[in-house]
Number of protein chains: 2
Amino acid sequence: MREFDLLQRVFAMNPRLPASVLVPPGDDMAVLALGGAGALLVAADSAIEGRHTPRGCDPYLIGRKAVLRNISDVAAMGGARPIATVACVTVPAGLDGAAAWRLYEGLRETAEAWNAPLVGGDVASFGADVVGAPIVASVTVLAVPVRPGARIVTRSEARAGDGVFVTGTIGGAWDPATGLGRHLDFTPRVAVANALVEQLGERLGAMIDVSDGLGRDLGHIAELSKVAIEIALARVPVPPGLDARLALGHGEDYELAFTARGEVPSVVAGVPITRIGEVRAGAPSVTVVDGLARWDAAKAGFEHDGGGVGPTRVQVGGSSEGEIRCP
Amino acid sequence: MREFDLLQRVFAMNPRLPASVLVPPGDDMAVLALGGAGALLVAADSAIEGRHTPRGCDPYLIGRKAVLRNISDVAAMGGARPIATVACVTVPAGLDGAAAWRLYEGLRETAEAWNAPLVGGDVASFGADVVGAPIVASVTVLAVPVRPGARIVTRSEARAGDGVFVTGTIGGAWDPATGLGRHLDFTPRVAVANALVEQLGERLGAMIDVSDGLGRDLGHIAELSKVAIEIALARVPVPPGLDARLALGHGEDYELAFTARGEVPSVVAGVPITRIGEVRAGAPSVTVVDGLARWDAAKAGFEHDGGGVGPTRVQVGGSSEGEIRCP
């Protein structure tokens, strides 16, 4: 998957964009200026059976996760709300009607629940020559600012002196033995993000949703904001019994990581907020303070692309690929 | 593929949409009201290696066709222009970097050429357990009216008395022996559509792009406009040597079919326009006048989903699935 790291970087750096592209690819969503009409936000993400869900699962879960991943990107932009979704689904040849229906219901019901009605889509099937073809659901979400002038928060606005925060708990979102877990039915943090924008305004720095693993995702903020981030391992909120060193690399958390100046409430929109570190001036990096040791969080990232059921430890770059392979 | 006909119909009939959805799924694009901001149009469509392009082709062609299919949907809406695209691509495990790059270039260059810059995307790979995995490029296109108040043309505005017209030639867009042909590098009829809207205004009726086969696509207009359409086989403009009966079912033409009242120029924006029939009051149907015979065009539709290299003749319903399988 090293090539895809490159490709992800390229996707994130389309150099020939018109001025109407206010936030270019490389953030959680692109932001477009729409004439007098304010801003439009757009992002796209897929859920692939066997990678983002267990193989052979209820297709409803694939449709739901495809939508939820996109809604999580809306949350990461701060003061945005989803308005619509479209989906392209590709299914195995001969998939039965009931399964196709479940997939559609997962897409439609989830989109509707998040006020992002499914307004268009395309259904196609793999050829019969593809053996072991999975269901693929590719969703695009559109969003707008929650009110005119609402703060849209990018990955590039962290400043030296900011605190570093996460919502909820990090790690353990999926069970490597079954592929099940929280990653299949999480609550995208739109309400938290909207409340943070209202409560902190310009004190809010950069924000991202945690999908690739906290270490890597903070790395994206560090790179785009050109800052050094330092986090205290002991402060990372993990589920009971989980080693925080592992939690940093798990990914699929769909929590928010953000930076902010000044006081930040410990609970926002009913969700716990934990201060885990701070932003310093320096070359882009994420350093984990682990007792007396200090190590580079990028080195602790996991790329969920090994051949087995669990994540494979690799040194990671700037990719935003965060896939899991379920058994 | 009978199930997918159903699913396509369901996709096209999401019954629980808010009033901000001005044109619901089922047309070439959905249209959303954006507050004071006017209208936003959105559609999504995929290109799948081996179905919409030949297997093993230059990945550039897959990226290009995925974008072009979507731009053709923009054309079908009349007074719209594309503003941006996003893409989700899924590629075989181990695809080499050069191939991935060609895919990306096909997407990016084509999007840019149509003033719809690629502003976001996601790259993922199939698991190594998928044998014969194709490249899948799923693209979403966003568009806006060419000017405030420009006519947006749907499939449901044909009226008894309208003439029925097509742009260019119909049929023969792909070579069943090689999978190559015009369908891999066509010019979406955006300029023609924009000019038709300016020149005909309210005299323009319904419009659609011809992707499923002219017979089926006119069927979509007949159904949504609740009219009977009658076309003269001898008038259908086909490439030299092609039987018009076959051309009606070929699909992948990416020409425009539309209805209009009064005089229509024979060339618009440099593209020939041919009057092939007329709209009558009556139950939704498409009748082909073939010498002394009259037959139902729906019966002549092809569903490009047989196991072989060529199209399979089937009785078609209201599906908007129009796939080809290349060798």
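To be clear, the structure that these remarks concern was listed above.
Owing to the predicted nature of the structure, the values given are computational and were not obtained by experimental measurement. (Residues numbered from 1 in each chain as written. Chains lettered and ligands numbered in written order. Predicted model: local features only at pLDDT ≥ 70, side-chain atom pairs only at ≥ 80, totals over all residues. Heavy atoms only, no water.)

**Here we look at the packing of aromatic side chains**
Describing an aromatic ring pair means giving the distance of the ring centres and the angle of the ring planes. All names here are of chain A. Heads up, the rule is: Pairing of aromatic rings covers Phe, Tyr and Trp, the last through its six-membered ring, and needs centres within 6.5 Å; plane angles under 30 degrees mean stacked, over 60 mean edge-to-face, and all others mean tilted. By the criteria applied, helices consist of DSSP H or I runs no shorter than four residues and strands consist of E runs no shorter than two, each listed in order from the N terminus. Exposure is judged per residue with a 1.4 Å probe applied to protein chains only, and the accessible area is read against the type maximum: over 50% gives exposed, under 20% gives buried, and values in between give partly exposed.
As enumerated under the stated definition, the model contains seven aromatic pairs over all chains in all. Both rings, one in phenylalanine 165 and one in phenylalanine 258, keep their centres 5.3 Å apart while their planes meet at 15 degrees; by these two values the pair is stacked. With a gap of 93 residues between them, phenylalanine 165 in strand E7 (residues 163-167) and phenylalanine 258 in strand E10 (residues 255-260) connect regions that are remote in the sequence. Phenylalanine 258 shares its class with phenylalanine 165; the two are buried.

**Quick notes on unusual backbone geometry**
Phi at B:Asn115 is positive, roughly 55 degrees, even though this residue is not glycine. Here B:Asn115 shows up in the loop between helix H3 (97-113) and strand E5 (118-125).

**Comments concerning the interface of chain A and chain B**
The criterion, for reference: Contacts are residue-level and defined by heavy atoms, with any inter-residue pair within 4.5 Å sufficient. When a carboxyl oxygen of Asp or Glu is within 4 Å of a side-chain nitrogen of Lys or Arg, the pair counts as a salt bridge. Polar contacts here mean pairs of N or O atoms no more than 3.5 Å apart (in protein, one a potential hydrogen donor and the other a potential acceptor; neighbouring residues in sequence count only if both atoms are side-chain atoms). Asp, Glu, Lys and Arg are counted as charged, while Ala, Val, Leu, Ile, Met, Phe, Trp, Tyr, Cys and Pro are counted as nonpolar; the rest, among them Gly, fall into the polar class.
Counting residues at the interface gives 69 residues for chain A, matched by 69 residues for chain B. Across the contact surface, chain A and chain B share two salt bridges. Put simply, A:Arg55 and B:Asp129 hold a salt bridge, and the shortest N to O gap is 3.7 Å. Our count for the chain A to chain B interface comes out at four residue pairs in polar contact (both at pLDDT 80 or more). Elements supplying a minimum of two residues to the side of chain A that touches chain B: helix H1 (2-11), strand E2 (30-33), strand E3 (39-48), strand E4 (80-91), helix H3 (97-113), strand E5 (118-125) and strand E6 (136-145) of chain A. Looking at which element gives the most residues to the side of chain A that touches chain B, the answer is E5(A), with eight residues. By residue class, the composition of the side of chain A that touches chain B is 43 nonpolar, twelve polar and 14 charged.

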